[in-house]
Amino acid sequence: MIPLQQSPKPDYLTDEKVQELTNQYQLDAKKTVWNKPAIKEPLLKSSNKKCAYCECILQETDSYCQIEHFHPKSLYPQEVVIWENLLPACGRCNAPKGNHDTVNIPIINPYKDVPKEHLSTQGCRLYSKTEIGKMTIKVLNLNDNDRLCIPRFKLCNKVNDTLDHIKSITDLLEQRNKLYSLLTACSKSGEFSAFCSHTLHSNIDYPRIKSLLCQEGYWNDELATLDEETREIALESR
């Protein structure tokens, strides 16, 4: 989980439209009044088309995008289309969260909280730093072995394999280009980026490659920006 920047409320959600959709839902709770392209598309953009909680890529296989209500609509129907209450999520996260009362028993909201202040990692698993972190892991089942831990491990292992390959390259221009691609894959737009960035910055070969490129004049502003971004989102070791 990484911090997300919430995009501005779409023009579609005027005060009148919010009231209209809220009234529709309160009259018939089966109506998915939030499931509109004008709502879903900016939500997806704000999360780089990833689940706001587990960071899996959405709209692939069974991880299709669901609009998640941070404060559950069953308990807070008046917030059913309040922009600040909506997140893009996968079904795997949305289902276990269910009707959990996030007002009285808080969990991390990546649009408002800094996840790494509450979570750490070891062996591609999440561990809590705080009670909110502990509750987040539990409610969302964020250490699901088959659907999260194993896919995280595969990507993190690929990061280490790629660094092994990059350090063996003698052509510094090629080395720079390969490192740029790796940093991009570990950035906010990449799947499981909090874990991949942690793996990148925990690997002793990364600062050595960076130092060599700096010394030889191949380290540029694009690499520096990606280096800073990945460092900011990387989870800390347990």
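Since the structure is predicted, the reported quantities are computational estimates derived from the model, not experimental observations.

### Here's the deal with the nonpolar core
Residues Cys51, Tyr53, Cys54, Val81, Cys93 and Leu142 are the most contacted members of the largest nonpolar core, which totals 46 residues. Only helix H1 (15–27), helix H2 (37–46), strand S2 (86–89), helix H4 (131–140), helix H5 (145–168) and helix H7 (193–202) provide two or more residues apiece to this core. The residues touching Leu142, leaving out its near neighbours within four places in the chain, are Met1, Cys54, Arg92, Cys93, Leu126, Thr136, Ile137, Leu148 and Arg152. In terms of nonpolar packing, the next biggest core, distinct from the first, is built from 16 residues, Leu183, Cys186, Ile209 and Trp219 among them.

### Regarding the sheet that holds strand S3 (residues 119–122)
Taken together, three strands build an open sheet; the order of strands is S4-S3-S5 and the sheet is mixed. Of all the strands in the sheet, just strand S4 (125–128) and strand S5 (236–237) have a single pairing partner and so form its edges. Where H4 meets the sheet, its contacts fall on S3 and S4, and the angle it forms with S4 comes to roughly 140°.

### Side note on the packing of aromatic side chains
Counted by the stated rule, this structure contains one aromatic pair. Ring centres 5.8 Å apart and planes at 70° place the aromatic pair Tyr25 and Trp34 in the edge-to-face group. The same class applies to Tyr25 and to Trp34, which are both buried.

Conventions and cut-offs
- Residues numbered from 1 in each chain as written.
- Predicted model: local features only at pLDDT ≥ 70, side-chain atom pairs only at ≥ 80, totals over all residues.
- Heavy atoms only, no water.
- Core = buried A, V, L, I, M, F, W, Y, C linked by side-chain atoms within 4.5 Å.
- Buried < 20%, exposed > 50% of the residue type's maximum accessible area, 1.4 Å probe, protein only.
- Helix = DSSP H or I, 4+ residues; strand = E, 2+ residues; numbered from the N terminus.
- Contact = heavy atoms within 4.5 Å.
- Pairing = 2+ DSSP bridges.
- Axes fitted to C-alpha atoms, helices over the stretch in contact; angles between N-to-C directions.
- Phe/Tyr/Trp six-rings, centres within 6.5 Å; stacked < 30°, edge-to-face > 60°.

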